Amino acid sequence: TEPTSRMSRLEVRVETSVTRHAWNADRSMLAVCPNDNTVVIFKKPSAPTGPWERVALLNEHDALVTDIAWAPKTNKIVTTSQDRNAYVWTLEEGKWKPMLVILRITAAATSVQWSADEQKFAVGSGAKAVPVCYYEEANNFWVSKMMKDHQSTILSICWHPTAPIVATASTDFKCRVFSAYLKNLDGKGVETPWGPAAKFGTMLFQWESFGWVQDVAFSPAGDTLACCSQNSTVSFMNVAAIAAGATEVQTLRLSDLPLTQLLFLPDGTLVGAGHCFNPILFVQNGASWVEAGKLKPAKGAAKEDSGAAAHRKMFQAMDRTGRAEAATTAAQLDSVHQFCVCDLRLFNSSIGGQPAEFTSSARDGKIVWWTRDELSAAMQNLNLT
């Protein structure tokens, strides 16, 4: 399907479904996975209502693409897939050239993220292992080194912003932290919150939840580690404390459906989304974290549908909620996304002349921009000390 050219409240539908998305460094290009084995790259229009031009199709994978990571400094893209492979894409003479990365895993790759220096990337997998990949210039290919000690699928991984450390989220109900130190890349005398960099693959910390750990994220300063679980909880760990041996973890139980995605914003606040269609904002209040509230669109921004569109939304609402509401009522769901949110990414740029903090994507095919005003509105009833 062609991208929708009309933009309403900083949102655009670029595909019928978007499971993952990623921005380049200057936010002029958008890569999306339309829930298949390809990645489509769009050029952001200069005008907010302009058409989104398809400029490239990355189609080397044989199975569903599970994640996309676009390195801001080197402009390289890495994609992972259920075909158990990864590709590093390099823009050469206007065309994206793939280089196969042999991950040496026996099950699907689930997630990927570049390290802060972009010399390495880590891959979550269903093979109970995390390949950490780096480029060997002498041999002109990417090699992988394995982190193990997992009992089930790794759904998500996250690099520490300043140290060679990787956190993992696994379906064995555990969040773990590992050393990803490689002497040939990181050099000597590297310090981490756990002291001098430990041998590659050393497990530095482990915490057990009461459900699948869906996602994990380090704060921009690297002083907080957050994870969300399938039992509708979000947990926060003080990195300095757990590095010193503390076991205290603050866990917030949500009244909403489980979160599957977490994203720290540059100011240190956290947003999460997933089976609850609107993102939820979390802020630090003294030494503890609190749920500030849901992000919601500005009043009057939603447009009322009529005719076939309204009837379609009525049946979609009946399928999701089991309630046979009137078409006009069912069309006005209290969320921007109409399906599970699959991805959150930093934006920190402007769209249509309006600054936005981050973007979300979902199976409804929408890319939605969230603004500072919407973040502020979620915090208006919060009393911080």
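Please read these numbers as outputs of a predicted model, since none were measured by experiment.

Let us look at the overall build of the protein chain. Secondary structure assignment for the protein chain yields five helices and 30 strands. Entry remark: accessible area of the protein chain is about 17,000 Å², with carbon and sulfur atoms responsible for 49%.

Here the idea is simple: oppositely charged side chains can pair when their charged atoms come close. All chains considered together, the criterion is met by eleven salt bridges. Glu 11 is paired through a salt bridge with Lys 366; the nearest N and O atoms lie 3.1 Å apart. Of this pair, Glu 11 sits in strand E1 (residues 11–13) while Lys 366 sits in strand E30 (residues 366–370); the two residues are 355 residues apart in sequence, bridging distant segments of the chain. Of the two residues examined, Glu 11 and Lys 366, each falls in the buried class. In this structure, Arg 176 engages Asp 172 in a salt bridge whose closest nitrogen and oxygen atoms are separated by 2.8 Å. Look at Arg 176 and you get buried, because its relative accessible area is 1%. Shared partners join several salt bridges into a network, and the residues in it are Arg 20, Asp 67, Asp 343 and Arg 345.

Looking at the secondary structure, you find Thr 224 in strand E21 (residues 224–229). Overall, Thr 224 belongs to the buried group, its relative accessible area being 6%. Leave out the neighbours within four places in its chain, and Thr 224 touches Ala 217, Phe 218, Ser 219, Phe 236, Met 237, Val 239, Phe 264 and Trp 289.

Before going further, it helps to examine the sheet that holds strand E8 (residues 85–92). The four strands lie next to each other as E6-E7-E8-E9, forming an open sheet whose pairing is antiparallel. Strands at the two margins of the open sheet, each flanked by one partner only, are strand E6 (65–70) and strand E9 (95–102). When the angles between neighbouring strand axes are averaged without regard to direction, this sheet yields 20°. Bridging between E6 and strand E7 (residues 77–81) involves five bridges; their strand directions are antiparallel. Each bridged residue has a counterpart across the sheet, and for Ala 69 the counterpart in E7 is Val 78.

Take the packing of aromatic side chains next. In this description, an aromatic ring pair is defined by two values, namely the gap between the centres and the angle between the planes. For the structure shown, the criterion picks out 15 aromatic pairs. When the centroid spacing of 6.1 Å and the interplanar angle of 80° are considered together, the rings of Phe 347 and Trp 369 count as edge-to-face. One end of the pair, Phe 347, is in strand E28 (residues 341–351); the other, Trp 369, is in strand E30, with 22 residues separating them in the sequence. Judged by its relative accessible area of 0%, Trp 369 falls in the buried class. The rings of Trp 23, Trp 52, Phe 347 and Trp 369 are connected pair by pair, giving a single aromatic cluster.

The biggest cluster of nonpolar side chains holds 19 residues, and the ones touching the most others in it are Cys 175, Val 216, Leu 225 and Met 237. Those elements that place two or more of their residues in this core are strand E15 (165–170), strand E16 (174–179), strand E19 (203–208), strand E20 (213–218), E21 and helix H2 (239–243). Listed in part, the 17 residues of the second largest apolar core include Trp 114, Phe 121, Trp 142 and Met 146.

Right, let's talk about the environment of Val 166 for a bit. Following the sequence through the fold, Val 166 ends up in strand E15. Overall, Val 166 belongs to the buried group, its relative accessible area being 0%. Setting aside anything within four residues of it in sequence, one finds Val 166 in contact with Ala 122, Met 147, Ile 157, Cys 158, Trp 159, Arg 176, Val 177, Phe 178 and Ala 180.

So, about the pairing of E20. Burial runs high along E20: six of the six residues are buried. Between E20 and E21, which follow one another and run antiparallel, lie five residues, and Gly 222 among them has a positive phi close to 75°.

Let's shift gears to the sheet that holds E30. Each strand in a sheet pairs with its neighbour through backbone hydrogen bonds, running either in the same direction (parallel) or in the opposite one (antiparallel). Read from one edge to the other, the open sheet built from four strands follows the order E1-E30-E29-E28, with strand pairing classed as antiparallel. Edge positions in the open sheet fall to E1 and E28, since each of these has one partner strand only. Looking at each pair of strands side by side, their axes are set apart by 20° on average, direction ignored. Pairing of E1 with E30, which is carried by three bridges, proceeds in the antiparallel orientation. When the sheet's bridge partners are listed, Arg 13 is paired in E30 with Lys 366.

Counting all residues, the mean pLDDT for the protein chain is 89, and 87% of those residues have values of 70 or more. In the predicted structure, residues 1–8 sits below a pLDDT of 50 and forms 27 contacts with residues beyond four places in sequence or in another chain. Ignoring residues within four places in sequence, the model shows residues 326–330, a span with pLDDT below 50, making eight contacts including any to other chains.

The rules behind these values
Residues numbered from 1 in each chain as written. Predicted model: local features only at pLDDT ≥ 70, side-chain atom pairs only at ≥ 80, totals over all residues. Heavy atoms only, no water. Helix = DSSP H or I, 4+ residues; strand = E, 2+ residues; numbered from the N terminus. Areas by Shrake-Rupley, 256 points an atom, 1.4 Å probe, with all protein chains shown as cover. Salt bridge = Lys/Arg side-chain N within 4 Å of Asp/Glu carboxyl O. Buried < 20%, exposed > 50% of the residue type's maximum accessible area, 1.4 Å probe, protein only. Contact = heavy atoms within 4.5 Å. Pairing = 2+ DSSP bridges. Axes fitted to C-alpha atoms, helices over the stretch in contact; angles between N-to-C directions. Phe/Tyr/Trp six-rings, centres within 6.5 Å; stacked < 30°, edge-to-face > 60°. Core = buried A, V, L, I, M, F, W, Y, C linked by side-chain atoms within 4.5 Å. pLDDT = per-residue confidence, 0-100.

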